[in-house]
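Reading the structure
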Amino acid sequence: VRARRLAPTERLRQSAWRRLKSMSWFLKSAAITLLTLAPPPRVNAFLRAAPAAVGRRPSRREAESSSDTSGAAASRVVILGGGFGGLYTALRLAEFSKEQPVEITLVDSKDKFVFLPLLYELTTGQAPLDEVAPTFDSLLANTNVKFMQGEVDGIDVGGNVVSVGGVDVPFDRCVVALGGEPLKDTVPGAAENALAFYTLEDAYQLQRELARLDTAPGDVRVVVVGGSYSGVELATSIASRLGSRAHLTLVERGDEVLGRSPPHNVESAKAALASAKVDCKCATSVLRVGAGEIVVCPNEDDSAATTLDADLVLWTAGSRPNAMLGGLAGVTCDAAGRLVVDNTLRVQSPEGRAAGGVVFALGDNAVLELGPLPPNAQVAFQQSEYAAWNVWASLNDEKPLAFRSVALQPTPCPVFTPAHAALARRYTALGEMLTLGANDASVAGPQGLEALKLSGPLAAAARRLVYAARMPTSEQRVKAGVNWLQSPAKELLRLAQETRLNLKK
């Protein structure tokens, strides 16, 4: 009745507003998809290669650049760390420098790359090893990137030399992407009696511990320290793996789990934890970890300490940058031990300029001069594109691209306006995905697309599909996709075998 009474102009205005809101959602989705599939560094590389592809004569500058490099010695680029930041930088740089004499060396202490978000599935048997942790040799087989296994002992910024296992490796450009390490030495007994969940070796150790608990008599007690992404995902995965025999406790120092996550994921996580009967102790600190026990207390109230029996203690409470970075000379580090970089990801010297102009850093090892970015894989993914381009640009007298954060400069930026160029060079939060046990997950859309929410098996399938698309090489993406498609059949086969065994009993 009220709608009929509205003036025609008012109804027209409301209809136009609804259409505009719908179009805005579509344009935001299109912009985020475009920035994900074609970030500015790839666009720059494509535009630079386009003249040759269409048969156009190169410009005078391009011709001079080509003639200058035709007889020059190959530039040496050393990339330290084979995680998301390091490996993806190496692969992208290899693409940018196909026509250039560049020697790229990727250094890591392990022989396998680990896709960390799927480490939970590997531990519980839901994903195979070759999907979660392929070898560097297999990933780099069809590239000009050389892999070198060894521990990084130090970097001589002034001398352009990296020490790897006692061997000096010279470089013209160096990229630091060594990642972080678990922070366990702040609580007595944590290093000796708690198991971190950060590496492939940690996943193997957890598998052995779960196998031990499978044969233990009676109920088992597991305590997970840390209520962020890793803690919640680990608690729900273990609850799904061990079943009703497990009594899990999640200890979080903050007021609630997933304190920085979207409301949809927080609600989904709380529901999953409650369904798994996980006892969440928020606003709680850990005083010490002993053999078979952990002592906790309410924040800032040691007098109310409580001792919890624990057959297994898992530690996911915080990490820090690689300790080697703190001992470097000629660079600037913040209080957390991260290398201070400018908006082109070049490491800064104490004098406020680029440290020799040859060292770059990204991911957990870098902090922008304006402040830190979220400690997640999305940052490393996006920064790797810029790090690769800016390394290549510094070797070829090309213009670098600035990497900035939307969170640090939150000015509105409508799509298809002059400000869109600035948006393209900023960190873009692409939403958040959590695994919450077998065939269960939660997906929340990015800022501006909050209406995109998924839960349960559909979210679990979407999560695996997105991660398959994010694999470092096309061969690895195909392998992950095949494994994802086969998983329902494997689950049906497992259920059929269990049913047959139950019928025999």
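None of these values were measured; they are calculated from a predicted model.

With that settled, the discussion passes to the sheet that holds strand 4 (residues 152-156). Here we have three strands laid out as an open sheet, ordered 4-5-6, and antiparallel in their pairing. The sheet is open, and its two edges are formed by strand 4 and strand 6 (167-170), each paired on a single side. Across the sheet, the mean angle separating the axes of adjacent strands is 20° when strand polarity is ignored. Bridge count for strand 5 (residues 161-164) against strand 6 is four bridges, and the pairing is antiparallel. Across the sheet, the residue bridging to Val-164 is Val-167, located in strand 6.

The strand order across the open sheet formed by five strands is 9-16-10-11-12, and the pairing between neighbours is parallel. Of all the strands in the sheet, just strand 9 (195-196) and strand 12 (279-281) have a single pairing partner and so form its edges. Bridging between strand 9 and strand 16 (residues 312-315) involves two bridges; their strand directions are parallel. Among the inter-strand pairings, Ala-196 is bridged to a residue of strand 16, identified as Trp-315.

Residues Leu-80, Leu-87, Ile-155, Val-162, Val-176, Leu-206 and Leu-314 are the most contacted members of the largest nonpolar core, which totals 111 residues. At ten residues, helix 13 (residues 377-395) tops the list of elements feeding residues into this core. Not counting the four nearest positions on each side in its chain, Leu-87 is found in contact with Gly-81, Gly-82, Leu-106, Phe-113, Phe-136, Leu-139, Leu-140 and Pro-472. Among the nonpolar cores identified, the runner-up in size contains 14 residues, and Val-187, Val-223, Ile-294 and Ala-310 belong to it.

In this section: helix 15 (residues 456-469). In this model helix 15 runs 20 Å from its N-terminal to its C-terminal C-alpha over 14 residues, within 8% of the 20 Å that 1.5 Å per residue would give. Listed as buried for helix 15 are Gly-456, Ala-459, Ala-460, Arg-463, Arg-464, Tyr-467 and Ala-468.

A few words now on the pattern of salt bridges. Across all of its chains, the model carries 15 salt bridges by this definition. In this structure, Arg-92 engages Glu-385 in a salt bridge whose closest nitrogen and oxygen atoms are separated by 3.1 Å. Highlighted residues: Arg-92 in helix 5 (residues 84-96) and Glu-385 in helix 13, separated in sequence by 293 residues. Glu-385 gets classed as buried once you look at its relative accessible area, which sits at 7%. Linking Arg-221 and Asp-309 is a salt bridge whose minimum nitrogen-to-oxygen distance equals 3.6 Å.

With that settled, consider unusual backbone geometry. With a phi close to 55°, Ala-283 is a non-glycine residue in the positive phi region. Here Ala-283 shows up in the loop between strand 12 and strand 13 (284-290). Phi is positive for Glu-300, close to 60°, though the residue is something other than glycine. Here Glu-300 shows up in the loop between strand 14 (293-298) and strand 15 (306-309). Among the residues examined, Glu-300 registers a relative accessible area of 84% and is labelled exposed.

With that settled, the discussion passes to the environment of Pro-39. As for its placement among the helices and strands, Pro-39 is situated in the loop between helix 2 (8-37) and helix 3 (40-54). With 346 residues separating them in the primary sequence, Pro-39 and Glu-385 have C-alpha atoms 7.5 Å apart.

Right, let's talk about the confidence of the model for the chain for a bit. Residues of the chain with pLDDT of at least 70 account for 77%, and the chain-wide mean is 83. Note that pLDDT drops below 50 for residues 406-425; the model gives that stretch 28 contacts with residues more than four away or on any other chain.

The subject of this paragraph is the packing of helix 5 against helix 13. Where helix 5 contacts helix 13, the axes come no closer than 8 Å and their chain directions differ by 35°. Handedness of the helix 5/helix 13 crossing: right-handed. For the pair formed by helix 5 and helix 13, the contact residues are Phe-84, Gly-85, Tyr-88, Thr-89, Arg-92, Leu-93 and Phe-96 on the first element and Ala-377, Ala-380, Phe-381, Ser-384, Glu-385, Ala-387, Ala-388, Trp-389, Val-391 and Trp-392 on the second. Tallied by class, the residues present in the contact of helix 5 with helix 13 amount to twelve nonpolar, three polar and two charged.

On to the side chain of Ser-384, then. Relative to the elements of secondary structure, Ser-384 occurs in helix 13. We classify Ser-384 as buried; its relative accessible area is 2%. A polar side-chain atom of Ser-384 sits 2.6 Å from the main-chain carbonyl oxygen of Phe-381. When residues no more than four places from it in sequence are discounted, the contact partners of Ser-384 are Gly-85, Tyr-88, Thr-89 and Leu-362.

The rules behind each value
- Residues numbered from 1 in each chain as written.
- Predicted model: local features only at pLDDT ≥ 70, side-chain atom pairs only at ≥ 80, totals over all residues.
- Heavy atoms only, no water.
- Pairing = 2+ DSSP bridges.
- Helix = DSSP H or I, 4+ residues; strand = E, 2+ residues; numbered from the N terminus.
- Axes fitted to C-alpha atoms, helices over the stretch in contact; angles between N-to-C directions.
- Core = buried A, V, L, I, M, F, W, Y, C linked by side-chain atoms within 4.5 Å.
- Buried < 20%, exposed > 50% of the residue type's maximum accessible area, 1.4 Å probe, protein only.
- Contact = heavy atoms within 4.5 Å.
- Expected span 1.5 Å × (residues − 1).
- Salt bridge = Lys/Arg side-chain N within 4 Å of Asp/Glu carboxyl O.
- pLDDT = per-residue confidence, 0-100.
- Left-handed = near helix turned anticlockwise from the far one by under 90°.
- Nonpolar A, V, L, I, M, F, W, Y, C, P; charged D, E, K, R; others polar.
- Polar contact = N/O pair within 3.5 Å; in protein donor to acceptor, adjacent residues only side chain to side chain.

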